[in-house]
Amino acid sequence: QLDPENTGFIGVETFASLVHSHELPLDPAKLDMLVALAQGNDEGQVCYQELVDLISSKRSSSFKRAIANGQRALPRDVLLDETGLGIYKRFVRYVAYEILPCEMDRRWYFYQHRTCPPPVFMAAVTLTQIIVFLCYGARLNKWVLQTYHPEYMKSPLVYHPGHRARAWRFLTYMFMHVGLEQLGFNALLQLMIGVPLEMVHGILRISFLYLAGVLAGSLTVSITDMRAPLVGGSGGVYALCSAHLANVVMNWAGMRCPYKLLRMVLALVCMSSEVGRAVWLRFSPPLPASGPQPSFMAHLAGAIVGISMGLTILRSYEESLQDQCGWWVLLLSYGTFLLFAVFWNIFAYDLLGAQIPPAP
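Computed from a prediction, not measured in an experiment: that's the story for all the values here. (Residues numbered from 1 in each chain as written. Predicted model: local features only at pLDDT ≥ 70, side-chain atom pairs only at ≥ 80, totals over all residues. Heavy atoms only, no water.)

### Some thoughts on the UniProt feature "active site" (unreviewed entry) in the protein
Step number 1: Residues annotated by UniProt as "active site" (unreviewed entry) correspond here to Ser-234 and His-299. A compact arrangement is adopted by the annotated residues: their sequence extent is 66 residues, whereas the largest C-alpha distance between any two is 5.8 Å.
Step number 2: Within the secondary structure, Ser-234 is located in helix α11 (residues 234-250).
Step number 3: Owing to a relative accessible area of 4%, Ser-234 belongs among the buried residues under this scheme.
Step number 4: In this view, Ser-234 contacts Gln-182, Asn-186 and His-299; residues no more than four positions away in its chain are not counted.
Step number 5: Looking at the element boundaries, His-299 is found in helix α13 (residues 296-315). (UniProt positions renumbered as here; feature names shortened; annotations may be inferred. Helix = DSSP H or I, 4+ residues; strand = E, 2+ residues; numbered from the N terminus. Buried < 20%, exposed > 50% of the residue type's maximum accessible area, 1.4 Å probe, protein only. Contact = heavy atoms within 4.5 Å.)

So this is what it looks like as structure tokens:
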């Protein structure tokens, strides 16, 4: 009756009167989104399919196009003005404003967020790193600069150029740390940045980004610093941090996180100082070179992965990566780098006659 020509559209006023007259129990937030979508099309009408998608908690392609085109007019106040929220909902709102640059995206994430599945990946990685550190600390009775204990380097988790054939070491080195300072820095950033990113973008995307940074870090060290053993998860941490910071810079006007400029400066100072410390320890170690020196190349490799691949992941909230040409280009580039690194580790050490330290 309301759509005699079967177009799939009705006017906003007609729809509003229908909702009012029948007292339909619709979520006010979803009604806001529906009206915003109606304001985004040429006719200013409500689409039946968009209504069905919203009620079933599904974002249609037209919804994504409306967001991409900047047509996000919301008749109500922003999400930040909502009152009476519980502790967890306030945390979810904080995450929304910390990670997402668009009010429509923030509103959608806030109302569609579910506690299951929880952000378990970053928490599990951090907990494992802490447990491994405590185990070696108790076993060796050494809590600072553990790598300078001879028994520490015998761990099957540490990456050492003499054990390149043991491929798992290119990833498992992320569970080992030089000492309490490196562990504390990485754990803090993983929880402060990694957990919110995982809550918004999901475990698959964030775990892939983190592990890609870790793997790129060890492979880059094996190519550019062929004598250096390696410990620490800095490659993955820098991939997450650089991706998040790049996303903030690219969407500076839309970000509503408090004190964003100050926080950006502090993050850059901390990351730069950590890289500077790694450079200093690598080329001018204060202790005898009986253990591995942190390699700054792992930090830089993680940052490059974050700025390139990570930025693409974070910019496409709730959008299929496989539909983007840029994603396939980055994935192909990363795969080419992995293939080159594999052949380098198989042949280059012998061809170049690299003098690597004896494997423990």
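Don't stop here, the text continues.
### Observations concerning the state of the cysteines
Step number 1: For the structure shown, the criterion picks out zero disulfides.
Step number 2: For Cys-270, which is in no disulfide, the shortest distance to another cysteine sulfur is to Cys-241 and amounts to 9.7 Å.
Step number 3: A residue is classified by how much of its surface remains accessible, and Cys-270, at 37% relative accessible area, is partly exposed. (Disulfide = S-S within 2.5 Å.)

### Examining the side chain of His-299
Step number 1: Its relative accessible area of 3% is what places His-299 among the buried residues.
Step number 2: Excluding anything up to four places from it in sequence, His-299 contacts Ser-234, Tyr-238, Glu-274, Val-275 and Ala-278.

### Points about the packing of helix α5 (residues 87-99) against helix α6 (residues 103-112)
Step number 1: Two elements in contact, α5 and α6, have axes whose closest approach is 9 Å; the angle formed by their N-to-C orientations is 150°. Comparing the axis directions of α5 and α6 gives the class roughly antiparallel. Between α5 and α6 lies a crossing whose hand is right-handed. Between α5 and α6, the contacting residues are Lys-89, Val-92, Arg-93, Val-95, Ala-96 and Tyr-97 on the first element and Glu-103, Arg-106, Tyr-109 and Phe-110 on the second.
Step number 2: Residue composition of the contact of α5 with α6, grouped by class: six nonpolar, no polar and four charged. (Axes fitted to C-alpha atoms, helices over the stretch in contact; angles between N-to-C directions. Parallel < 35°, antiparallel > 145°, perpendicular 65-115°, else oblique. Left-handed = near helix turned anticlockwise from the far one by under 90°. Nonpolar A, V, L, I, M, F, W, Y, C, P; charged D, E, K, R; others polar.)

### Here's the deal with a nonpolar patch on the surface
Step number 1: Nonpolar side chains collect at one region of the surface, where Leu-339, Val-342, Phe-343, Ile-346, Phe-347, Leu-351 and Leu-352 lie side by side and expose about 750 Å² of accessible area between them.
Step number 2: Residue placement: Val-342 occurs in helix α14 (residues 325-352). (Patch = residues over 30% accessible without salt bridge, like charges linked within 9 Å, V, L, I, M, F, W, Y side chains within 5 Å. Areas by Shrake-Rupley, 256 points an atom, 1.4 Å probe, with all protein chains shown as cover. Salt bridge = Lys/Arg side-chain N within 4 Å of Asp/Glu carboxyl O.)

### A closer look at the packing of aromatic side chains
Step number 1: Scanning all chains against the criterion turns up seven aromatic pairs.
Step number 2: On the basis of an interplanar angle of 45° and a centroid distance of 5.0 Å, the ring pair of Tyr-159 and Phe-170 is categorised as tilted. Separated by eleven residues along the polypeptide, Tyr-159 in the loop between α7 (120-140) and α8 (169-172) and Phe-170 in helix α8 bring together distant segments of the chain. Residue Tyr-159 shares its accessibility class with Phe-170, and that shared class is buried.
Step number 3: Seen from their ring centres, Phe-343 and Phe-347 are 6.1 Å apart, and the 15° between their planes marks the pair as stacked. Here Phe-347 and Phe-343 lie together in helix α14, a separation of four residues that amounts to about one turn.
Step number 4: Classification of Phe-347 by relative accessible area gives partly exposed; the value is 44%.
Step number 5: The ring centre of Tyr-349 lies 3.8 Å from the NZ or CZ of Arg-164, which sits over that ring. (Phe/Tyr/Trp six-rings, centres within 6.5 Å; stacked < 30°, edge-to-face > 60°. Lys NZ or Arg CZ within 6 Å of the ring centre and 35° of its normal.)

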